[in-house]
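Listed here are the chains, written in short residue letters.
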Amino acid sequence: MSAAIPVQHGIWRWLGALGRRSLQAVQSVGDAAVLTLQALGHLLRKPWQGRHFVLQLHALGVGSLVIILITGAFTGMVLALQGYYTLAKFGSESLLGAGVALSIIRELGPVLGAFMVIGRAGSSITAEIGIMRVTEQLDALRMMAVNPRARIILPRIIATMLALPLLVAVFDVIGIGAGYVVGVELLGVNPGAYIAEMTAKITMHDINGGWVKAIVFGFMIGSICTWMGYRAEPSTEGVARATTRAVVVASVSVLIVDYILTSFFL
Amino acid sequence: MIRGEHLGKSFGDVVAVRPLDIHIPAHAVTAIMGGSGSGKTTLLRLLSGLEKPTCGHVWFGEEDITAMSEQRLFKLREQMGMVFQYSALLNSLNVYDNVAFPLHEHTSLAEPVIRRVVSMKLEQVGLRGFEALMPSELSGGMAKRVAFARAMVMDPAVVFFDEPTSGLDPISAGVITRLIHDTASKVQMTAVVVTHDVQAGLSIADHVILMWQGEIIARGTPEDIRNSTDARVQQFVQGRPDGPIPFSRSTTPYIDDLLQAEMRA
Ligand SMILES: Nc1ncnc2c1ncn2[C@@H]1O[C@H](COP(=O)(O)OP(=O)(O)OP(=O)(O)O)[C@@H](O)[C@H]1O
Ligand SMILES: [Mg+2]
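This text gives an overview of the structure that appears in the document. In this convention, every chain numbers its residues from 1, walking through the sequence in written order. Labels are handed out in written order, letters beginning with A for the chains and numbers beginning with 1 for the ligands. Restriction of local features to residues with pLDDT of at least 70 applies here, the model being predicted, together with a cutoff of 80 or more for giving and counting side-chain atom pairs; totals for whole chains, interfaces and linings are based on all residues. Side-chain metrics in this entry use all non-hydrogen atoms of the structure; hydrogen atoms and water are not considered.

**Description of the overall build of chain A**
Item 1. Runs of E in the DSSP output that reach at least two residues are strands. Runs of H or I that reach at least four are helices, and both are numbered from the N terminus. Counting secondary structure elements, chain A contains eight helices and zero strands.
Item 2. The order of helices and strands in chain A, counted from the N terminus, is α-α-α-α-α-α-α-α.
Item 3. For chain A, the spread of C-alpha atoms along the principal axes amounts to about 70 × 65 × 30 Å.
Item 4. Burial status follows relative accessibility: with a 1.4 Å probe on protein chains alone, a residue under 20% of its type maximum counts as buried, one over 50% as exposed, and anything between as partly exposed. Out of the 266 residues in chain A, the part that is buried amounts to 44%.
Item 5. For this analysis, residues touch if any pair of their heavy atoms sits within 4.5 Å. Look at the contacts in chain A between residues 6 or more apart in sequence, and 85% of them connect residues 24 or more apart.
Item 6. Looking at chain A as shown, the accessible area adds up to about 13,500 Å², and 72% of this sits on carbon and sulfur atoms.
Item 7. Positive charges are assigned to Lys and Arg, negative charges to Asp and Glu, while His and the chain termini are left out of the count. A charge is said to be at NZ when it belongs to Lys, at CZ for Arg, at CG for Asp and at CD for Glu. When the 19 positive and 13 negative side-chain charges of chain A are each reduced to one mean point, those points stand 11 Å apart. Reported accessibility uses the Shrake-Rupley method at a 1.4 Å probe radius. Residues are deemed covered only where the shown protein chains occlude them.

Right, dumping it as structure tokens:
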């Protein structure tokens, strides 16, 4: 009997902690949404941040291009190898082109592209904004009558939202190309069948699905990574923690939203 | 010009500024002095609207900046400048772009004109010719002087200085102190200067506010402060190690800590 009390106590404490964590999580999502909406509100207000969108877009797009090329190529190549192995069991190697292209366009392009952008650009967005906060650069902007939400947050959200679909398009093209090289040149699939099956099986619906995913993921990455930096604890460890958390939260959210989008809409 | 009414700020359990009334007169230099951690920076951030107070109001002229819209506050800030305690230069921009930043943002001056204004402001702080350096390439004192030039570049009506001379050699500190004084008297700038440098503070200020542990313990003209009979004020002005203001911020005597550690061991 006497042992029951500490056990119960432990459970209560655990439940309490769980509740607190859940509330915190809900609060954070709300806070991030509010910050994003406030930033987006500046889209309609002067001064226009056009130059800063372009600067961010350039930094993001060009900065992530090489890694997108590499991951795109190897994804296409390994898909062709694995796809050939599976399809050969059914004697339908001619479907290889369609298989590779569908996987890349509908799924792997947007998701892997998003992961690469999170690792390459998202983390540095969080760290940069976090450091600006620690060193009072955000306050300095405010004192110079420049709103950091308009100048720092908004261009980065819009830039990731525009850059990701473009990078994903590059990923798709390179991936499909690399898949062709492995499938046709290395494994000896008939090139005519490869292309014909691919063009026959892929519909505009698949391509649009890829676009939609890339735009949604880009928007999420932009909002999450800027918010994490903006709300980072003002210390060195605070920024380090925020950066790690931004990468984890953004990656997990991409996977969850990917499932939701795929199952309900696309 | 700026008035704080029952103005207070706490961070969790830490009371940084106890509810106080403060008045910053227009076209004059007000010096806020006090020991480390006495709440000077926090008070400055409250007065400039960077920090939301826990209680009370800040009046800027006839307007309550604690209640106004963000847009209005940003509009008012076009007439304000601030030198931060740790400079807060924008890391991604070089010295020239840092100083020119407010001009690029809020004026439509042609670049040659901006270049002239910037080089004039940099000359005032003795850093003309350093335009191309990045903030990471500056010493602490140089960064402070660039921050000073940046704060003054729009010829603002109100400037907040958070220890504008800390980290500067005596000569640069003297130049900066004189600049604040001269600008305030010649172009009718309202200046709020937080400083540890008692002599400089007393020599340039029209009004002095002395803080201790989040409270104002004395205010008046430099004469009033010098002639104050309050033992705490005298201790601070003369920089005496012993007196009513303890140097240590610890709440328990060190000897007790040592004895307790001994007992536990
Ligand atoms: N953001 C914050 N979070 C928590 N506590 C804070 C914060 N800012 C200030 N404080 C606390 O408020 C008190 C006053 O700090 P403040 O920076 O205003 O002092 P100060 O007078 O400017 O000191 P110094 O002369 O050393 O710059 C200190 O006890 C400090 O620990
Ligand atoms: Mg301070």
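And the narrative resumes.
**Details of the site of ligand 1**
Residue and element names in this part refer to chain B.
Item 1. A molecule or strand has a residue near it when one of that residue's heavy atoms lies within 4 Å. Residues in contact with ligand 1 amount to 15 residues; listed here are only the nearest, Ser-36, Gly-37, Lys-40, Thr-41 and Thr-42.
Item 2. In protein, a polar contact means a hydrogen-donor-capable atom and an acceptor-capable atom, both N or O and within 3.5 Å, with residues adjacent in sequence counting only if both atoms are side-chain atoms; elsewhere, any N or O pair within 3.5 Å suffices. In the model, an oxygen atom of ligand 1 is placed 2.9 Å from a nitrogen or oxygen of the Gln-85 side chain.
Item 3. Of the residues forming the shell around ligand 1, the biggest block, three residues, is contributed by helix 1 (residues 40-47).
Item 4. All amino acids are sorted into three groups, where Ala, Val, Leu, Ile, Met, Phe, Trp, Tyr, Cys and Pro are nonpolar, Asp, Glu, Lys and Arg are charged, and the leftover types, Gly among them, are polar. Per-class residue counts for the shell around ligand 1 are three nonpolar, nine polar and three charged.

**Examining the nonpolar core**
Item 1. Counting 59 residues, the largest nonpolar core has Leu-141 and Phe-217 of chain A as the members making the most contacts within it.
Item 2. For Leu-141 of chain A, the residues in contact, after removing those within four places along its chain, are Met-132, Val-146 and Ile-152 of chain A together with Leu-90 and Phe-101 of chain B.
Item 3. Only buried Ala, Val, Leu, Ile, Met, Phe, Trp, Tyr and Cys residues count toward a nonpolar core, and they belong to the same one when joined by side-chain atoms within 4.5 Å. Counting residues in each nonpolar core, the second largest holds 49 residues, with Met-33, Val-125, Ala-149 and Ala-191 of chain B among its members.

**A word on helix 4 (residues 111-124) of chain B**
All names here are of chain B.
Item 1. What a helix is expected to span follows from its residue count: subtract one and scale by 1.5 Å. Between the first and last C-alpha of helix 4 there are 20 Å, a value that for 14 residues agrees with the 20 Å anticipated at 1.5 Å per step.
Item 2. Listed in full, the buried residues belonging to helix 4 are Ile-114, Val-117, Val-118, Lys-121 and Leu-122. Angular distribution of buried residues about the axis of helix 4 spans 135°; they occupy a single face of the element. In helix 4, the exposed positions that point more than 90 degrees away from the buried face belong to Pro-112 and Arg-116.
Item 3. Packing partners of the buried residues in helix 4 comprise helix 3 (95-106) and helix 5 (140-152).
Item 4. Backbone geometry just downstream of helix 4 places Gly-126 in the positive-phi region, at approximately 75°. Directions pointing from the helix axis toward each C-beta atom define the arc.

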